[in-house]
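Structural features, examined
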Amino acid sequence: MRSSANWRKALLLVALLHACSAVDEHSANFVLFGTIVSIHAFDTTEPAFSDAMSTLETRFSALGVDWYPWADGELKRINAAIAAARPIDVSPPLASLIKAAARFEALSGDRFNAGLGHVSALWGFHALPAGVTSVPDADAISAILATRPGASDLGWQHLTMRPGAASTLLDLGGIAKGALLLEARRLLLQHGIDNAIVNLGGDLLVIGQVHGRHARIGIQSPHDDYPIAGLQIASGEAVFTSGNYERYVEIDGTRYPHILDPRTGQPVRHTASVTVVHTDPVLADAAATALLVGGGADFDALVDAFELEFALLIDASGDTRLTPGMRQRLHWTATGNSQ
Ligand code: ADP
Ligand code: MG
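Residues numbered from 1 in each chain as written. Chains lettered and ligands numbered in written order. Predicted model: local features only at pLDDT ≥ 70, side-chain atom pairs only at ≥ 80, totals over all residues. Heavy atoms only, no water.

**A short note on the site of ligand 1**
Around ligand 1 there are 19 residues in total, and Asp171, Ser242, His258, Leu260 and Thr289 lie nearest to it. Within the side chain of His258, one N or O atom sits 2.8 Å away from an oxygen atom of ligand 1. Contacts to ligand 1 include Leu260, whose backbone N or O atom sits 2.8 Å from a nitrogen atom. Considered on its own, ligand 1 offers 580 Å² of accessible surface; in the complex 95% of this is hidden by protein. Mapped by element, the contributors of at least two residues to the shell around ligand 1 are β12 (238-243) and α7 (281-305). Split by residue class, the shell around ligand 1 holds five nonpolar, eight polar and six charged. (Near = heavy atom within 4 Å. Polar contact = N/O pair within 3.5 Å; in protein donor to acceptor, adjacent residues only side chain to side chain. Areas by Shrake-Rupley, 256 points an atom, 1.4 Å probe, with all protein chains shown as cover. Helix = DSSP H or I, 4+ residues; strand = E, 2+ residues; numbered from the N terminus. Nonpolar A, V, L, I, M, F, W, Y, C, P; charged D, E, K, R; others polar.)

**Observations regarding the coordination of the magnesium ion (ligand 2)**
Distances from the magnesium ion (ligand 2) to its protein donors, namely Gly174 (O), Asp285 (O), Asp285 (OD) and Thr289 (OG1), fall within the range 2.1 to 2.6 Å. Here the donor residues of the magnesium ion (ligand 2) are spaced in sequence according to G-x110-D-x3-T. Here Thr289 and Asp285 lie together in helix α7, a separation of four residues that amounts to about one turn. The class of Asp285 is buried, set by a relative accessible area of 5%. In this structure Thr289 comes out as buried when scored by relative accessible area, which is 11%. (Donors = N, O, S within 2.8 Å, 3.2 Å for Na, K, Ca; no water. Buried < 20%, exposed > 50% of the residue type's maximum accessible area, 1.4 Å probe, protein only.)

**A word on the environment of Leu181**
Positionally, Leu181 belongs in helix α6 (residues 176-190). With 99 residues separating them along the chain, Leu181 and Asp280 place their C-alpha atoms 9.8 Å apart. When residues no more than four places from it in sequence are discounted, the contact partners of Leu181 are Val198, Leu200, Asp203, Leu204, Leu205, Phe240 and Pro281. (Contact = heavy atoms within 4.5 Å.)

**Focus on the sheet that holds strand β5 (residues 88-89)**
With antiparallel pairing, three strands are arranged side by side in an open sheet as β5-β7-β6. Two strands in the sheet have a free side with no partner beyond their single neighbour: β5 and β6 (155-157). In the sheet, β6 pairs with strand β7 (residues 160-162) via three bridges, with the strands oriented antiparallel. Bridged to Gly155 within β7 is Arg162. (Pairing = 2+ DSSP bridges.)

**Considerations on the pairing of strand β17 (residues 271-278)**
The buried fraction of β17 amounts to eight of the eight residues, a majority that puts the element mostly inside the structure. Sheet topology note: the β12/β17 ladder contains six bridges and is antiparallel. Each residue of the ladder has a partner; that of Ser242, found in β17, is Val274. With six bridges connecting them, β17 and strand β18 (residues 310-315) associate as antiparallel partners. Bridge pairing in β18 places Val276 opposite Ala311.

**Re the pattern of salt bridges**
Pairing is possible between side chains that carry opposite charge, provided their charged atoms lie close to one another. Evaluation of the coordinates by the stated rule reveals seven salt bridges. One salt bridge connects Glu183 with Arg186, and the closest N-O pair in it is separated by 2.9 Å. Residue Glu183 and its partner Arg186 are both found in helix α6; the two are separated by three residues, about one turn of the helix. Its relative accessible area of 42% is what places Arg186 among the partly exposed residues. Between Arg263 and Asp261 there is a salt bridge, with the nearest N and O atoms lying 2.9 Å from each other. Taking the relative accessible area as the measure of exposure, Asp261 reaches 10% and is therefore buried. Each of Arg59, Glu183 and Arg186 takes part in a single network of salt bridges with overlapping partners. (Salt bridge = Lys/Arg side-chain N within 4 Å of Asp/Glu carboxyl O.)

**Observations concerning the environment of Pro324**
Turning to its location among the elements, Pro324 is positioned in helix α8 (residues 324-329). Exposure remark for Pro324: the relative accessible area of 66% places this residue in the exposed category. For the pair Pro324 and Glu309, spaced 15 residues apart in sequence, the C-alpha to C-alpha distance is 7.6 Å.

**Examining α7**
Its 25 residues place the ends of α7 only 16 Å apart at the C-alpha level, less than the 36 Å of an ideal helix rising 1.5 Å per residue. The largest bend along α7 reaches roughly 130° and is located at Gly295. Its side-chain oxygen 2.9 Å from the backbone nitrogen of Val282, Asp280 forms the N-cap of α7. Looking one or two places after α7, you find Glu307, whose phi comes out positive at around 50°. (Expected span 1.5 Å × (residues − 1). Bend = angle between axes of the 7 residues up to and from the residue.)

Everything listed here is a matter of coordinates, which is why it stays silent on function.
Structure follows, in structure tokens:
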């Protein structure tokens, strides 16, 4: 087995801090569990930027443990309580993330499901040290799905969570990056940085402007590294792309992408990529995942359910679906589709 889904495996946090050419422009990159976190800030000073970066790194590495179901942090303890049918008190940030996940499960008609950790583990998507060498047993998947795992049936009394289906293993990977971007914005603004782009492995949030102008970004082709289209991103907008081409396990020469269809427990192959632009990064993250699962067939219904203005879907055969708003904003490159 070969896995590209090992981005969270190593607890590696390397900071490569360097000032850019312009005096008031600074950038930093660090690797958090295999995902490159990259921050570009404008109109700030070096001391303010370094200070913000060290706060951000500390916070991100703590959240990376607490929000990852297979690390020794809060989400692991919550999952243990669910398995043991015990109620548990949950911290405010994680409680609001789990409640948001339940909302997205309902909105997406279960295309999005944050309770599939046990199915994901059968596929080896969180890079078990031993890995997996064969496709998981269909009966094992059905047995998990039969009890309807998910965040939706968890009960809440303020911050106390009552467990639902014992087969639920919460895995917030479908919205965690959105929530991390919100946290990054809060910390940057706290440090007086109000013009910046925060990029988490290709999913990004724009705060303010770039030298007085809107940021311009490229949407990567699902098939190679070239941008297929570009668009301007206003202050406060996030851009999320879910793809089935970047993270997958390979078993006997076949690639199995890491996003699962909650109705079957099978990796999604019918969609190549989805890009969503929205001012709420958590919603954008969830919607991109849900649209990928729904594919072209559910595109209109999910766009309506999530009330999306800007979404683009490219299916496995290269056909595209766009909302009218996205059609207006996109500039196709020569390598992209010119519709
Ligand atoms: P990416 O941006 O890397 O393509 P996504 O935001 O789509 O990732 O989230 C994928 C992650 O979400 C998986 O690694 C897993 O943790 C979790 N996941 C997989 N399938 C689903 C699903 N149908 N609904 C919600 N979360 C999912
Ligand atoms: Mg997502």
